[in-house]
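Okay, here's what each chain looks like letter by letter:
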Amino acid sequence: AESELILQRPSEIAQGFDPRTRPWYQEAMRVGEQVEISPIMNSSGLPVMMFAEKSYGGRSVVGIDITLRDLSAILYRELPSPGSHLALLRPDGVMIARARGIVVQNNGETRLSTLEDASPVLRLAAQAYNESRSDQVFRLNHEGEDWEISLKSFDFNGKIKNIMLLAVPEDDLAAGGAKLLRYTFWGM
């Protein structure tokens, strides 16, 4: 069964781009289940998180990607407080996205950020996950500041694909509680 290209939008895709030659397409055809390949560069040269799955009939692959910049912006909007840190990692420690940006520039060179570029608190949280390989909520003290840490892994068909790390300074939690108390007071 030969694959054939059904649709291509020339204005958005580099000339000569054939998705059937891409690793995500070939992997989805090979394994027959949803695959996630991240990070990769899309045809426009942007780093993306790619999801692909073989069609029901097995003759094609459906793929979708989200730029890591857009994913990082989504994470940023979800921060529970200004001092919080939020990141999405692969189990091997590769950072897929984080709330405060995924691209690092050094001396004119642009590269994807890694866990080493993240805050020390996120690095400690990732280390805790690597030691236990389990979801958890715990407190962490770093340089005299207490943090509430939440680690959640995302399981797809029995395989852990990604880990979400959230670190919130306890002072921010106290501030949020005080704010809620003030709203309750004015509401009364």
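Residues numbered from 1 in each chain as written. Predicted model: local features only at pLDDT ≥ 70, side-chain atom pairs only at ≥ 80, totals over all residues. Heavy atoms only, no water.

Draft legend 1. Spotlight on the sheet that holds strand β2 (residues 47–54). Pairing is antiparallel in the open sheet, where three strands are placed in the order β1-β2-β3. The sheet is open, and its two borders are formed by β1 (35–41) and β3 (61–67), each paired with just one other strand. If you compare each strand with its neighbour and ignore which way they point, the axes differ by 25° on average. Where β1 meets β2, five bridges bridge the pair, whose relative direction is antiparallel. (Pairing = 2+ DSSP bridges. Helix = DSSP H or I, 4+ residues; strand = E, 2+ residues; numbered from the N terminus. Axes fitted to C-alpha atoms, helices over the stretch in contact; angles between N-to-C directions.)

Draft legend 2. Region of interest: the pattern of salt bridges. Considering all chains together, one arrives at three salt bridges under this definition. Ionic pairing is found between Glu170 and Arg139, a salt bridge with its closest N-O pair at 2.1 Å. With Glu170 in helix α4 (residues 170–187) and Arg139 in strand β8 (residues 136–142), the pair connects residues that are 31 residues apart, well separated along the chain. For Arg139, a relative accessible area of 60% corresponds to the exposed category. (Salt bridge = Lys/Arg side-chain N within 4 Å of Asp/Glu carboxyl O. Buried < 20%, exposed > 50% of the residue type's maximum accessible area, 1.4 Å probe, protein only.)

Draft legend 3. Main features of helix α1 (residues 23–31). What α1 keeps buried is the set Trp24, Tyr25 and Ala28. Projected onto a plane normal to the axis of α1, the buried residues spread over an arc of 100° and lie on a single side. Where α1 is buried, its residues meet β1, β2 and β3. One or two steps after α1, the chain reaches Gly32, where phi turns positive at roughly 75°. (Arc of directions from axis to C-beta. Contact = heavy atoms within 4.5 Å.)

Draft legend 4. Quick peek at the packing of aromatic side chains. On inspection of all chains with the given rule, the structure shows one aromatic pair. Arranged with centres 6.2 Å apart and planes meeting at 70°, the rings of Trp24 and Tyr25 form a pair that is edge-to-face. For the pair shown, Trp24 and Tyr25 are each scored as buried. (Phe/Tyr/Trp six-rings, centres within 6.5 Å; stacked < 30°, edge-to-face > 60°.)

Draft legend 5. The arrangement of the confidence of the model for the protein chain in detail. Summarising the model, the protein chain shows a mean pLDDT of 76, and 76% of its residues fall at 70 or more. Mean pLDDT values over the elements of the protein chain span from 64, in α4, up to 86, in α1. (pLDDT = per-residue confidence, 0-100.)

Draft legend 6. Representation of the nonpolar core. Membership of the largest hydrophobic core comes to 30 residues, with the highest contact counts inside it found for Ile96, Ile149, Leu151 and Leu165. Going through the elements one at a time, α2 (68–77), β4 (85–89), β5 (95–98), α3 (120–132), β8, β9 (145–156) and β10 (159–169) are the ones with two or more residues in this core. Per-element accounting of this core gives the leading share, six residues, to α3. By size, the runner-up hydrophobic cluster in this structure holds nine residues, among which are Trp24, Tyr25, Val48 and Met50. (Core = buried A, V, L, I, M, F, W, Y, C linked by side-chain atoms within 4.5 Å.)

Draft legend 7. Looking closely at α2. Looking only at α2, the buried set comprises Leu68, Leu71, Ser72 and Leu75. Along the long axis of α2, the arc covered by the buried residues comes to 100°, so they all point the same way. When the buried face of α2 is taken as reference, the exposed residues oriented beyond 90 degrees from it are Arg69 and Arg77.

Draft legend 8. Quick look at the side chain of Ser81. Along the chain, Ser81 falls in the loop between α2 and β4. Look at Ser81 and you get buried, because its relative accessible area is 10%. Sequence-distant contacts of Ser81, defined by excluding residues within four places in its chain, comprise Val168, Pro169 and Asp172.

Draft legend 9. Spatial organisation of the side chain of Thr67. Along the chain, Thr67 turns up in strand β3. Classification of Thr67 by relative accessible area gives buried; the value is 11%. Engagement of the side chain of Thr67 in a polar contact is seen with the side chain of Asp70, the distance being 3.0 Å. Leave out the neighbours within four places in its chain, and Thr67 touches Leu46, Pro47 and Val48. (Polar contact = N/O pair within 3.5 Å; in protein donor to acceptor, adjacent residues only side chain to side chain.)

Draft legend 10. Summary view of the environment of Arg133. With respect to the helices, strands and loops of the structure, Arg133 is situated in the loop between α3 and β8. Placed 18 residues apart in sequence, Arg133 and Leu151 show a C-alpha to C-alpha distance of 9.7 Å.

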